[in-house]
Amino acid sequence: MILQTERLTIRPITMEDKNEIFEYRRDKATNKYQGWVPETIADVEAFIGKLPQQINVPETWFQFAIVERVTQKVVGDLGVHFIGPDNRQAEIGCTLHKAFHKQGYATEAIRTVLDYLFNTLSKHRVTTSIDPENTSSIRLVERIGFRKEAHFIESLWMKGQWVDDVIYALLEKDWSRMSER
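Residues numbered from 1 in each chain as written. Predicted model: local features only at pLDDT ≥ 70, side-chain atom pairs only at ≥ 80, totals over all residues. Heavy atoms only, no water.

Asks: Before we move on, could you go through the sheet that holds strand 4 (residues 74–83) and cite the residues and values that matter?
Replies: Within the open sheet, the eight strands sit side by side as 1-2-3-4-5-6-8-7. Their pairing is mixed. Both edges of this open sheet fall to strand 1 (3–4) and strand 7 (147–158), since each of them pairs with a single strand only. Pairing of strand 6 (residues 125–130) with strand 8 (residues 161–171), which is carried by six bridges, proceeds in the antiparallel orientation. From the neighbouring strand, Thr127 faces strand 8, where its bridge partner is Ala169. Taken strand by strand, helix 5 (residues 172–180) contacts strand 7 and strand 8, and its axis lies near 60 degrees from that of strand 8. (Pairing = 2+ DSSP bridges. Helix = DSSP H or I, 4+ residues; strand = E, 2+ residues; numbered from the N terminus. Contact = heavy atoms within 4.5 Å. Axes fitted to C-alpha atoms, helices over the stretch in contact; angles between N-to-C directions.)

Asks: Go over the layout of surface pockets, please, and point to the residues and values.
Replies: Taken as a whole, the largest pocket encloses approximately 1,300 Å³ of empty space. Forming the walls of the largest pocket are 47 residues, and the residues nearest its centre are Gln34, Cys94, Thr95, Asn134 and Ser137. Taken together, the residues of the lining of the largest pocket break down into 19 nonpolar, 17 polar and 11 charged. Computed from the structure, the second largest pocket encloses a volume of approximately 200 Å³. Considering the residues around the second largest pocket, the lining is formed by Lys32, Tyr33, Asp131, Pro132, Glu133, Met158, Lys159, Gln161, Trp162, Val163 and Asp164. Counting residues per element, the lining of the second largest pocket draws most heavily on strand 8, at four residues. Taken together, the residues of the lining of the second largest pocket break down into five nonpolar, one polar and five charged. (1 Å grid on protein atoms, 1.4 Å probe; cavity = no way out; pocket = protein on both sides within 12 Å on 5 of 7 lines; lining within 4 Å. Points joined across faces, edges and corners; volume = space filled by probe spheres on them. Nonpolar A, V, L, I, M, F, W, Y, C, P; charged D, E, K, R; others polar.)

Written as structure tokens, this is what we have:
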């Protein structure tokens, strides 16, 4: 399954992507809000090796590579967690190489995947979990149309400390209304 935009190809991650993924994912400063920052290329290989080969399987995370069409460079990745036994909800998370920040790539990739989730896979609701200090990601999802639903205090244990978690969500009916404009 491959999704195309004017500038991007969004496709399943493969083992051939490991070096490019390691290049941007290992950057601890840029990825300070991420739960997974690989230390070695072997960590990336293990991560890719555990990914499901099929999309839309309940209780799994499916990982897309975000590829710049002109250069064919992997500029980021976007994960989709398929939630619940009824599989009508999903959670998304996006990581982008710092050289590609503030150029609209994340917005383009997320909107494309949301369109696929709502219009092809018939999801009812899509959520995202963000550290409240990650103001860039919060602005991004709010610009796309997500609404803030919850702020959990010290609800996640990450990197040796308790951190807050903000949940944003978007319903299919709201996505449809936005898409009609």
